[in-house]
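Overview (structure and organization)
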Amino acid sequence: MGATDVIASVKAELGKPNASHPDKGRVSIYVDCSPTAEPTFEGRGGEELSIELSTALQRCLLGGKSGAGAGIDLSSLSIVEGKVCWDIYIDGLVVSSDGNLLDALGAAIKAALSNTAIPKVEVAANASSDEQPEVDVSDEEFLQFDTTGIPVIITLTKVGRHYIVDATAEEESQMSSAVSISVNRQGRICGLTKRGGAGLDPSIILDMISVAKHVSEQLIDKLDSEIAAAEACDEEL
Amino acid sequence: MAGKISNTPATYTPSPTSQNKKRPSIVTGSDWVRPDGRGLHQCRPAFLRTGAVNSASGSAYAEFGNTKVIVSVFGPRESKKAMMYSDIGRLNCNVSYTSFATPIRGQVHESFDPYTLKLCSYFSPSTVIFCINLMLLVCQASDSKDLSSMLHKALEGAIILESFPKTTVDVFALVLESGGSDLPVVISCASLALSDAGIRLYDIVASVSMSCLGMNLVIDPVSEEESYQDGNLMITCMPSRNEVTQMTVTGEWSTPKIHEAMQICLDACTKLGMIMRSCLKEAVSAPEE
């Protein structure tokens, strides 16, 4: 987005599901801020920002603890209930930072997930209930991830008395506070994070939510058409 | 004791809400009955005391149901020499969990340890304050970086940083028992500790969280409700100024639901603010008697 460049990648591994949710897969999101973006990110410098971005993304994409309202359908990741499931690792890398990192990462993750193909797994039928069942990971057949439910993140930055969308680094340096709202295709809020120290009036937050919903409709349409165009290009190659 | 380290995967947990219990089917429309018998929009009764730690500049202890938190504030102290000069003060926050805070020892890992002590159920407010130093020697605390940064963001909007340039204020929060809705309790307790320390604030900060369970909006959830929740909304605000310093929303919410939830939470924050103020007044008037 503008001068902000981010790369998102999705890796899947077979693993054991969480004991409290045996019928769901696991997703873990991690963002790394590379020193190529800012010299201050070298070593431990970018760690705080990485944690903030990772937490915000997890909040927006993974939904409540029971799994409801999640952008990614976790039950589709389960192979054998209670024993084997897919562990999805989503990694984001910030290459060039010119403000509005969260929106760019959200869009990149959405695109990466739509490009993700989970291989089909066959479970050996005669596994006893205590041991790990044998799984045969197929190299040929793939399942496409369903990304229509994945929300998109809009960050509204409050500068003075106005709020702006998609702030550049220069505009962000003047901000008093920012609210990042994640909205999905049905117009429901999937996550909200307030950043920045200044206090905000509650009515302003509600106003920001309605503005974010309006902007998100355009962004989702644009993203979907871009992803479809890119996939069409891939198939031609 | 040492010979007991075996293949048992988890420590014995006395609470019945362990992993095997399936989520009770919440049919849309039916009401959720709360495990402790509260109304849906009723917060837990709060027990607040300042001056819990004698050696700190300011401190506070808060108990909301089963969630017990102690916060101590040190400062303003001289900033480390490595840090640059700044004409406003700095705030440093740290939130850690004791290893006996959750029903399963350690926040994430399940491991058997002969030194696990089930002290939680034996706590009463006065003995906690007495025993805190002993516990810190025996058990390690695990840091929580993301809770620390959220505490930092919640408090930095309320502190008048210009009143202590070149110095740092350290806020250390320790969660003794995690009974649900931990971060809001930590934030409210931290702002009490800051006022006890005499740090200048724009207003005290009160924080409340709300869970969405099916169709019901439940305020101040316990850990059992949190594990079944569909969504969570946490608001931190300064009641007298009517300003929100932090807000996080997880899960899927429709706009009218968010409006309703925000309204209920802000009302709860105002009431909590009044309780905090009365606690501070008591603390000040008591020594004068």
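None of these values were measured; they are calculated from a predicted model.

What about empty space enclosed by the protein?
- One pass over the structure, following the stated rule, counts two cavities of 30 Å³ or more.
- Here the largest cavity is characterised by a volume of approximately 70 Å³.
- In terms of lining, the largest cavity is formed by Ile51(A), Glu52(A), Thr55(A), Ala56(A), Arg59(A), Thr193(A), Asp146(B), Ser149(B), Met150(B), Lys153(B) and Thr248(B).
- Among the secondary structure elements, those contributing two or more residues to the lining of the largest cavity are α1 (47–62) of chain A together with α2 (145–156) of chain B.
- Here the element with the most residues in the lining of the largest cavity is α1(A); it accounts for five residues.
- In the lining of the largest cavity, the residues fall into three nonpolar, four polar and four charged.

Structural notes on the sheet that holds strand β10 (residues 189–195) of chain A
- Reading across from one edge, β8(A)-β7(A)-β9(A)-β10(A)-β10(B)-β9(B)-β7(B)-β8(B) is the order of the eight strands in this open sheet, with antiparallel pairing throughout. What marks the edges here is a single partner per strand, and that holds for β8 (162–165) of chain A together with β8 (216–219) of chain B. This sheet shows a mean twist of 20 degrees between the axes of neighbouring strands, independent of strand direction.
- With eight bridges connecting them, strand β9 (residues 231–238) of chain B and strand β10 (residues 243–253) of chain B associate as antiparallel partners.

Looking at the pattern of salt bridges
- As enumerated under the stated definition, the model contains eight salt bridges over all chains in all.
- The residue Glu52(A) makes a salt bridge to Arg195(A) at a minimum N-O spacing of 3.4 Å. With Glu52(A) in helix α1 and Arg195(A) in strand β10, this residue pair connects regions lying 143 residues apart in the sequence.
- A relative accessible area of 23% places Glu52(A) in the partly exposed class.
- Using a relative accessible area of 13% as the deciding quantity, one classes Arg195(A) as buried.
- One salt bridge in this structure joins Asp203(B) and Arg277(B), with 3.1 Å as the shortest N-O distance. Here Arg277(B) lies in helix α5 (residues 255–285) and Asp203(B) lies in the loop between α3 (182–197) and β7 (206–213), a separation of 74 residues in the sequence.
- In this structure Asp203(B) comes out as buried when scored by relative accessible area, which is 6%.
- Of the residues examined, Arg277(B) reaches a relative accessible area of 34% and is grouped as partly exposed.

Concerning the UniProt feature "domain: Exoribonuclease phosphorolytic" (unreviewed entry) in chain B
- Taking the UniProt record as the reference, the feature "domain: Exoribonuclease phosphorolytic" (unreviewed entry) is found at residues 42–105, 143–199 and 203–264 of chain B.
- In residues 203–264 of chain B, helix accounts for 24% and strand for 50%; the two terminal C-alpha atoms are 20 Å from one another.

Considerations on the interface of chain A and chain B
- Each partner contributes residues to the interface: chain A has 35 residues there, and chain B has 32 residues.
- For the interface between chain A and chain B, the tally reads zero salt bridges.
- If you look at where chain A meets chain B, you find seven residue pairs in polar contact (both at pLDDT 80 or more).
- Looking at the side of chain A that touches chain B, the elements with two or more residues in it are α1, β10 and α4 (202–236) of chain A.
- Tallying contributions element by element places β10(A) first for the side of chain A that touches chain B, with seven residues.
- When its residues are assigned to classes, the side of chain A that touches chain B shows twelve nonpolar, 13 polar and ten charged.

Basis of the calculations
Residues numbered from 1 in each chain as written. Chains lettered and ligands numbered in written order. Predicted model: local features only at pLDDT ≥ 70, side-chain atom pairs only at ≥ 80, totals over all residues. Heavy atoms only, no water. 1 Å grid on protein atoms, 1.4 Å probe; cavity = no way out; pocket = protein on both sides within 12 Å on 5 of 7 lines; lining within 4 Å. Points joined across faces, edges and corners; volume = space filled by probe spheres on them. Helix = DSSP H or I, 4+ residues; strand = E, 2+ residues; numbered from the N terminus. Nonpolar A, V, L, I, M, F, W, Y, C, P; charged D, E, K, R; others polar. Pairing = 2+ DSSP bridges. Axes fitted to C-alpha atoms, helices over the stretch in contact; angles between N-to-C directions. Salt bridge = Lys/Arg side-chain N within 4 Å of Asp/Glu carboxyl O. Buried < 20%, exposed > 50% of the residue type's maximum accessible area, 1.4 Å probe, protein only. UniProt positions renumbered as here; feature names shortened; annotations may be inferred. Contact = heavy atoms within 4.5 Å. Polar contact = N/O pair within 3.5 Å; in protein donor to acceptor, adjacent residues only side chain to side chain.

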